[in-house]
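Summary of structural features
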There are 2 protein chains.
Amino acid sequence: MEKLRRNDRMSAMMKILSDAPNRIFTLSSFCEMFGTAKSTMSEDIDLLREMVKHFHLGELETVTGAAGGVRYLSKVDRQEARQYIEGLCEQLSGTARVLPCGYIYDADILCAPESVDRLGAILATEYYDAAPDFVLTMETKGIPVAFATARNLGVPLVIARRFSKVYEGSAVYIDYMSGSSGSLETMSLSRRAVKEGQKCLIVDDFLKGGGTAKGMTELMREFKVEVVGMAFILATTTPVKKRVTGAKSLMTLEFSGEEQENAVVRPADWLMN
Amino acid sequence: MEKLRRNDRMSAMMKILSDAPNRIFTLSSFCEMFGTAKSTMSEDIDLLREMVKHFHLGELETVTGAAGGVRYLSKVDRQEARQYIEGLCEQLSGTARVLPCGYIYDADILCAPESVDRLGAILATEYYDAAPDFVLTMETKGIPVAFATARNLGVPLVIARRFSKVYEGSAVYIDYMSGSSGSLETMSLSRRAVKEGQKCLIVDDFLKGGGTAKGMTELMREFKVEVVGMAFILATTTPVKKRVTGAKSLMTLEFSGEEQENAVVRPADWLMN
């Protein structure tokens, strides 16, 4: 490559910025990387911002001040989010995925890169403003989506464990009541995992009674961490009253038919506005 | 945006291609998206390929034939992989992270977006040629890295479960002997998760005795799935003889000091070539 052109700079920047969503890159770091003047870099970034907007590829934000620079936000606009979720609802609805006891098979969707990335971006879009310091999930099924959300928010994931046989050093244990079964369960988190005064976003795959979610909020209270949001992929319509308030889900699940053999999955109301 | 320029096309393509590693995009899909002729698109892609190479941002590959097009591979070259792993070894070595019974605290590194993405890309680099159909991991700690590896390989993640209380429909259960403790354990996988005749890459965070890894290979045998590779983030130097062969790890762990209070973490030999 003889001389770097604007083409090269813009596409390299796009890659670097979008690989690290919500992380601020200083103008000077790019100037150094490409050997260009600040004024040229500013123009490159303006053009990139316009392109990203045009193709609905997220958002490029200029941050002013001493720690200023530019960052990429993987924002998905409401209409696109709705369309995507509607497609998922279609995939999940019907009889083919129904499991006993009010569950549906969705492990494939929760583990496929396309859907996980997309769900993570949609959830992150809702919580950029809340600026959590980390995302908390409870093992196991929600981990990929929670990780994708954390990645898009530019923060670490923290995993609460269900069992004590873990090798993470001294831990805080809490007992909680499972919302759906009413049985007593335990969850634990390593003492090193989070710091007092941090802000946390809870992300999980499934909300039914809300017992696990409530357990996570109690766990965070033990660590003196503020819960700034709770997001779920799928929430059952019953029980209507969950053990937690303020939870946001992307889809709702209910069953119809004589033997509850038909799953009806719909986009959540807030997505329709 | 009045008229799309090469700048815009190249940076948009970079974003779209690198968001879906190892997925083939046809030239015509880009032509349609940008409203350009095939010859222009080919030029754009040639320039992009050069840029990606120049900045060590992976690799752009042209695939010929009927199902042809262009795809992005998140390849990390050996030297960069080594440097990155050396940095991690430094972070993990010493007394600060040592836990009882031959473990070290690495949950933070296994859950932070930067390290997870990088480890996933380094592992994927090693297994593009093996072309697995999915990545298999055993819950819990390795899930984010296994997901990142799967994402870079453009295939789904499949999670084997340790406990029976899961809502994934009919499942195959196997008993296996834990390599380190010698106790009998159970792992399960939903019948729907994989298909006969597929190829699988096993990815997990920790290899000690190799019992869990062996369990995963046996589980795959039950499903008539071929294991094309086994990759681990960290492997203990003892026992030297693991219950599986052909495993590749990024780092090795041993302990020194009178009370084994000092962790010595080193890059694996194969990375040094």
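Since the structure is predicted, the reported quantities are computational estimates derived from the model, not experimental observations.

**Some words on helix 1 (residues 6-19) of chain B**
Residues and elements named next belong to chain B. Here helix 1 spans 20 Å end to end across 14 residues, near enough to the 20 Å set by a 1.5 Å rise per residue. Taking burial as the measure, the 14 residues of helix 1 include 12 buried ones, the bulk of the element. Along helix 1, the residues that are buried comprise Asn-7, Asp-8, Arg-9, Met-10, Ser-11, Ala-12, Met-13, Met-14, Lys-15, Ile-16, Leu-17 and Ser-18.

**Some details on the relation of the copies chain A and chain B**
The transform that puts chain A on chain B rotates by 180° and translates by 0.0 Å along the axis, for an RMSD of 0.0 Å. The symmetry that links the two subunits is that of a two-fold axis. Most of the interface of chain A is mirrored in chain B, where 100% of its interface residues again form contacts.

**Observations concerning the environment of A:Asp133**
All names here are of chain A. Following the sequence through the fold, Asp-133 ends up in the loop between helix 5 (113-127) and strand 5 (134-138). As for Asp-133 and Lys-199, which are separated by 66 residues in sequence, their C-alpha atoms are 5.2 Å apart. Look past the residues within four positions of Asp-133 in its chain and what remains in contact with it is Val-155, Pro-156, Gln-198 and Lys-199. A distance of 2.7 Å separates a polar side-chain atom of Asp-133 from the backbone nitrogen of Lys-199.

**A look at the confidence of the model for chain A**
Averaged over chain A, the pLDDT score is 94; the fraction of residues at 70 or greater is 98%. Confidence estimates for the predicted assembly give a pTM of 0.97 and an ipTM of 0.96.

**Overview of the sheet that holds strand 11 (residues 247-256) of chain A**
All names here are of chain A. Spatially, the 6 strands line up as an open sheet ordered 6-5-9-10-11-12, and their pairing is mixed. The open sheet is flanked by strand 6 (157-160) and strand 12 (262-267), the only strands paired with a single partner. When strand polarity is set aside, the average angle formed by the axes of neighbouring strands in this sheet is 25°. Here 3 bridges tie strand 5 to strand 9 (residues 199-207), and the two strands are oriented parallel to one another. Bridge pairing in strand 9 places Val-135 opposite Leu-201.

Rules used throughout
Residues numbered from 1 in each chain as written. Chains lettered and ligands numbered in written order. Predicted model: local features only at pLDDT ≥ 70, side-chain atom pairs only at ≥ 80, totals over all residues. Heavy atoms only, no water. Helix = DSSP H or I, 4+ residues; strand = E, 2+ residues; numbered from the N terminus. Expected span 1.5 Å × (residues − 1). Buried < 20%, exposed > 50% of the residue type's maximum accessible area, 1.4 Å probe, protein only. Least-squares fit on C-alpha atoms with pLDDT ≥ 70 in both. Contact = heavy atoms within 4.5 Å. Polar contact = N/O pair within 3.5 Å; in protein donor to acceptor, adjacent residues only side chain to side chain. pLDDT = per-residue confidence, 0-100. Pairing = 2+ DSSP bridges. Axes fitted to C-alpha atoms, helices over the stretch in contact; angles between N-to-C directions.

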